[in-house]
Amino acid sequence: MPRMGQMTRLQTAAGDTDAYLAPAQPAPGPPVLLLHPWWGLNRTIRDLADRLAGDGFTVMAPDLFGGKVLTTPEDAKANVNSLTEADADRIRAQTEATLDHLLAHPDARGDRAAIIGLSFGAMEATEVATGRSDVAALVTFYSGIFEAPDGIAYLGHFAEDDEFDDSAQVPDLQQTLGEGSAAHVYPSTHHWFAEPDRPEYNQEASELAYRRTVEFLRANLA
């Protein structure tokens, strides 16, 4: 995949924040904030940002762990468990500030954004989307939250055999969703099924989830 984006430094009230910016190709496109899982801002997330940019979206993915990238569940879990309340506040402030920068970027078209979050990032994405009127759509991958924010178009992707999140709760979630929103359970998949660098990767399910995501974003962003 050709590299479309690059790291950029954002000056914010919460302190300088590094983010990966992938401008839409070939012209300005709808803004998408991409929030990484507990591995950090790794190559897989940057590749996803580039792919979305190739499909016409301007994507910004903040580095919420200050350059730290984890590769094992044990190290990633330890890192998340070490986060203090002050760290959580900083992450929230950096996420909000990155969204502000994204919406103001010349390569972003429109005044409302979508947020995509994976696992750890899905929980952060849901919290931010709930409190922002400039978020039009939310996409989560293997989230532990089984409730969609009010007034926001929602698309959830869940693993059937998820050791962290009980997919048996998805049918109840589906019953609460309005027109234009959806929650899908992918058979015989595990947490992280959409990440090619993980042993849990399921190509067929990942590609289906990606296609559904692009269609959803195009339907809900100007």
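1. Here's the deal with the pattern of salt bridges
And step 1. On inspection of all chains with the given rule, the structure shows 10 salt bridges.
And step 2. Of the charged contacts, one joins Asp-55 and Arg-218 as a salt bridge, the two residues approaching to 3.8 Å between their closest N and O atoms. On the criterion of sequence distance, the pair formed by Asp-55 in the loop between helix 1 (43-54) and strand 4 (58-62) and Arg-218 in helix 6 (residues 203-220) is long-range, its members being 163 residues apart.
And step 3. Overall, the relative accessible area of 28% leaves Asp-55 in the partly exposed class.
And step 4. As a salt-bridge pair, Arg-132 and Asp-134 come within 2.9 Å of each other at their nearest N and O atoms.
And step 5. One connected set of salt bridges, linked through shared partners, spans Glu-96, Asp-100, Arg-132 and Asp-134.

2. Quick word on the environment of Phe-216
And step 1. Take Phe-216: it is sitting in helix 6.
And step 2. Overall, the relative accessible area of 7% leaves Phe-216 in the buried class.
And step 3. Taking C-alpha positions, Phe-216 is 30 Å from Thr-71, a pair spaced 145 residues apart along the chain.
And step 4. The residues touching Phe-216, leaving out its near neighbours within four places in the chain, are Ala-137, Leu-138, Val-139, Ala-153, Tyr-154, Leu-155 and Gly-180.

3. Thoughts on the sheet that holds strand 5 (residues 113-118)
And step 1. Strand order in the open sheet formed by eight strands is 1-2-4-3-5-6-7-8, and the pairing between neighbours is mixed. Of all the strands in the sheet, just strand 1 (6-10) and strand 8 (182-186) have a single pairing partner and so form its edges. Across this sheet, the average inter-strand angle for adjacent strands is 20°, counted without regard to direction.
And step 2. Of the strand pairs in this sheet, strand 6 (residues 135-141) and strand 7 (residues 153-159) are connected by five bridges, and their pairing is parallel. Considered in strand 7, the bridge of Val-139 is made with Leu-155.
And step 3. In the packing of helix 1 onto the sheet, the strands contacted are strand 1, strand 2 (17-22), strand 3 (31-35), strand 4 and strand 5, and the crossing angle to strand 2 comes to about 40°.

4. A word on the pairing of strand 1
And step 1. Two strands pair when backbone bridges link them, and strand 1 and strand 2 are joined in this way by five bridges, in the antiparallel orientation. Across the sheet, the residue bridging to Met-7 is Tyr-20, located in strand 2.
And step 2. Joining the antiparallel neighbours strand 1 and strand 2 is a turn of six residues, in which Gly-15 adopts a positive phi near 110°.

5. A closer look at the packing of helix 3 (residues 85-104) against helix 4 (residues 120-130)
And step 1. Look at helix 3 against helix 4: their axes get within 11 Å of each other, and the N-to-C directions meet at 70°. Between helix 3 and helix 4, the interaxial angle falls into the category roughly perpendicular. The chirality of how helix 3 crosses helix 4 is right-handed. Contacts between helix 3 and helix 4 involve Ile-91, Arg-92, Thr-95, Glu-96 and Leu-99 from the first element and Phe-120, Glu-124, Glu-127 and Val-128 from the second.
And step 2. Classifying every residue of the contact of helix 3 with helix 4 gives four nonpolar, one polar and four charged.

6. Observations regarding the layout of surface pockets
And step 1. Volume-wise, the largest pocket comes out at about 280 Å³.
And step 2. Leu-48, Arg-51, Ala-194, Pro-196 and Ser-206 are the residues nearest the centre of the largest pocket, which is lined by 15 residues in total.
And step 3. For the lining of the largest pocket, the secondary structure elements donating two or more residues are helix 1 and helix 6.
And step 4. A class-by-class count of the residues in the lining of the largest pocket yields nine nonpolar, two polar and four charged.
And step 5. By volume, the second largest pocket is sized at about 200 Å³.
And step 6. Taken together, Trp-38, Val-80, Ser-119, Phe-120, Met-123, Tyr-142, Ser-143, Gly-144, Phe-164, Asp-165, His-191 and Trp-192 form the lining of the second largest pocket.
And step 7. Tallied by class, residues from the lining of the second largest pocket come to seven nonpolar, four polar and one charged.

Conventions adopted
- Each chain has its residues counted from 1, following the order in which its sequence is written.
- In keeping with the predicted nature of the model, local features appear solely for residues at pLDDT of at least 70, side-chain atom pairs appear and are counted solely at 80 or more, and the whole-chain, interface and lining totals rest on all residues.
- Side-chain calculation: all heavy atoms of the structure are included, whereas hydrogens and water are not.
- Here a salt bridge means any side-chain nitrogen of Lys or Arg lying within 4 Å of a carboxyl oxygen belonging to Asp or Glu.
- For the purposes of this entry, the term helix denotes a DSSP run of H or I that reaches at least four residues, the term strand denotes a run of E that reaches at least two, and both are numbered from the N terminus.
- Think of it in three bands: with a 1.4 Å probe and only protein chains considered, a residue is buried below 20% of the maximum accessible area for its type, exposed above 50%, and partly exposed in between.
- In what follows, a contact means two residues having at least one pair of non-hydrogen atoms within 4.5 Å.
- Only when DSSP finds a minimum of two bridges between them are two strands counted as paired.
- Only C-alpha atoms enter the line fits that serve as axes; for helices the fit covers just the stretch in contact. Angles between N-to-C directions range over 0 to 180 degrees.
- By the definition adopted for this analysis, an angle is roughly parallel if under 35 degrees, roughly antiparallel if over 145, roughly perpendicular if from 65 to 115, and oblique otherwise.
- Each helix crossing is assigned a hand: it is left-handed if the near helix lies turned anticlockwise from the far helix by less than a right angle, otherwise right-handed if that turn is clockwise.
- Only Asp, Glu, Lys and Arg are considered charged, only Ala, Val, Leu, Ile, Met, Phe, Trp, Tyr, Cys and Pro nonpolar, and every remaining residue, Gly among them, polar.
- Think of a 1 Å grid over just the protein atoms. A cavity is a set of points where a 1.4 Å probe fits yet cannot get out, a pocket is an open set with protein on both sides within 12 Å along at least five of seven lines, and lining residues have an atom within 4 Å of a point.
- Grid points are joined across faces, edges and corners, and a volume is the space filled by probe spheres set on the points.

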